[in-house]
Amino acid sequence: MCLAAASASPARCLSPFSAAAALPRRLLLRFLAPAPSRPPLPLRRCIPFHRMAQFWTQSSLDKNKALVEYLKQYGAVRTDKVAEVMETIDRALFVPEGTPYVDSPMPIGYNATISAPHMHATCLELLKDHLQPGMHALDVGSGSGYLTACFAMMVGPEGRAVGIEHIPELVASSIENVQRSAAAPLLKDGSLSFHVADGRLGFPDAAPYDAIHVGAAAPEIPQPLLEQLKPGGRMVIPVGTYFQDLQVVDKNADGSISIRNDASVRYVPLTSRASQLQDP
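These remarks concern the structure in this document. (Residues numbered from 1 in each chain as written. Predicted model: local features only at pLDDT ≥ 70, side-chain atom pairs only at ≥ 80, totals over all residues. Heavy atoms only, no water.)

## Description of the environment of Gly-233
Working step 1: Residue position: Gly-233 is located in strand β7 (residues 229-240).
Working step 2: On a C-alpha basis, the gap between Gly-233 and Asn-252 in space is 7.6 Å, while along the polypeptide they are 19 residues apart.
Working step 3: The residues touching Gly-233, leaving out its near neighbours within four places in the chain, are His-130, Tyr-209, Asp-210, Val-249, Asp-250 and Lys-251. (Helix = DSSP H or I, 4+ residues; strand = E, 2+ residues; numbered from the N terminus. Contact = heavy atoms within 4.5 Å.)

## Description of helix α6 (residues 117-127)
Working step 1: Within α6, 11 of the 11 residues are buried, which leaves the element mostly enclosed by the surrounding structure.
Working step 2: Listed in full, the buried residues belonging to α6 are Pro-117, His-118, Met-119, His-120, Ala-121, Thr-122, Cys-123, Leu-124, Glu-125, Leu-126 and Leu-127. (Buried < 20%, exposed > 50% of the residue type's maximum accessible area, 1.4 Å probe, protein only.)

## So, the side chain of Ser-191
Working step 1: On the secondary structure map, Ser-191 appears in the loop between α9 (184-189) and β5 (192-196).
Working step 2: Using a relative accessible area of 5% as the deciding quantity, one classes Ser-191 as buried.
Working step 3: A distance of 2.7 Å separates a polar atom in the side chain of Ser-191 from a polar atom in the side chain of Asp-189.
Working step 4: Those residues within four positions of Ser-191 in sequence are excluded, and the remaining contacts are Gly-156, Pro-157, Gly-159, Arg-160, Ala-161 and Leu-186. (Polar contact = N/O pair within 3.5 Å; in protein donor to acceptor, adjacent residues only side chain to side chain.)

## Quick notes on the pattern of salt bridges
Working step 1: Scanning all chains against the criterion turns up 6 salt bridges.
Working step 2: Salt-bridge contacts for Asp-250 lead to Arg-234; the nearest nitrogen and oxygen are separated by 2.7 Å. Here the residue Asp-250 occupies a position in strand β8 (residues 244-251), and Arg-234 occupies one in strand β7, the gap between them amounting to 16 residues. Judged on exposure class, the residue Asp-250 and its partner Arg-234 are both buried.
Working step 3: Residues Arg-260 and Asp-262 are paired through a salt bridge, measuring 3.6 Å at the closest nitrogen-oxygen approach. (Salt bridge = Lys/Arg side-chain N within 4 Å of Asp/Glu carboxyl O.)

What follows is the structure, encoded as structure tokens:
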């Protein structure tokens, strides 16, 4: 450490030992005394949002399968069913720019993003029991089409997967993305489809749905989506404005609703087309 001399002479560097020798004994003992020990902080089981935040600092992964293995290691992917569909649908086909295998949201144009892989994995795990072959699934704010394609692979050709998005250009690009993916045959036979629509109103034509995913945060759960959810079905939706929770909404057999918070999250708002296209 360089210490300036107290006199008017130019500053000069003293060794730590010579500097220490000039200090009063009381101050010297204070500086040399060991810091008081503190008990270690208790280990905590963090909610998924906090646990997944560490992913964003990791280096880029160059293969889709390696990304899935990475998500399995950190607990985002917990079942073979979700691992299989995420390995089958290559994320790179749905990311127009950037590095597709980094666990981070990526821009897809029109002030929209494709969610981070750990959020896709989280939602697929929450919905997997409601994405059985033959079931119906709705993806609100389908964006790039990635998650809708995953839904289609899980419900199969005997089921129905619908993606709705209010930006026509994103609907067109999502169709092109899927046509290059393993879900292309499902798009061709009509069991997978994309539509220009206001997500807040759902898509009644293919209702009721066993699974509904909402990819943008609503200030409250839109009533049309609750009405289009099948008894026994489940919806996963981020709710809130600045502070948001990923809510799991189950419709019971008698039509009553049960809601629980799964994690704290941060999503773009579920809004009108005009509002979304405004400059941020």
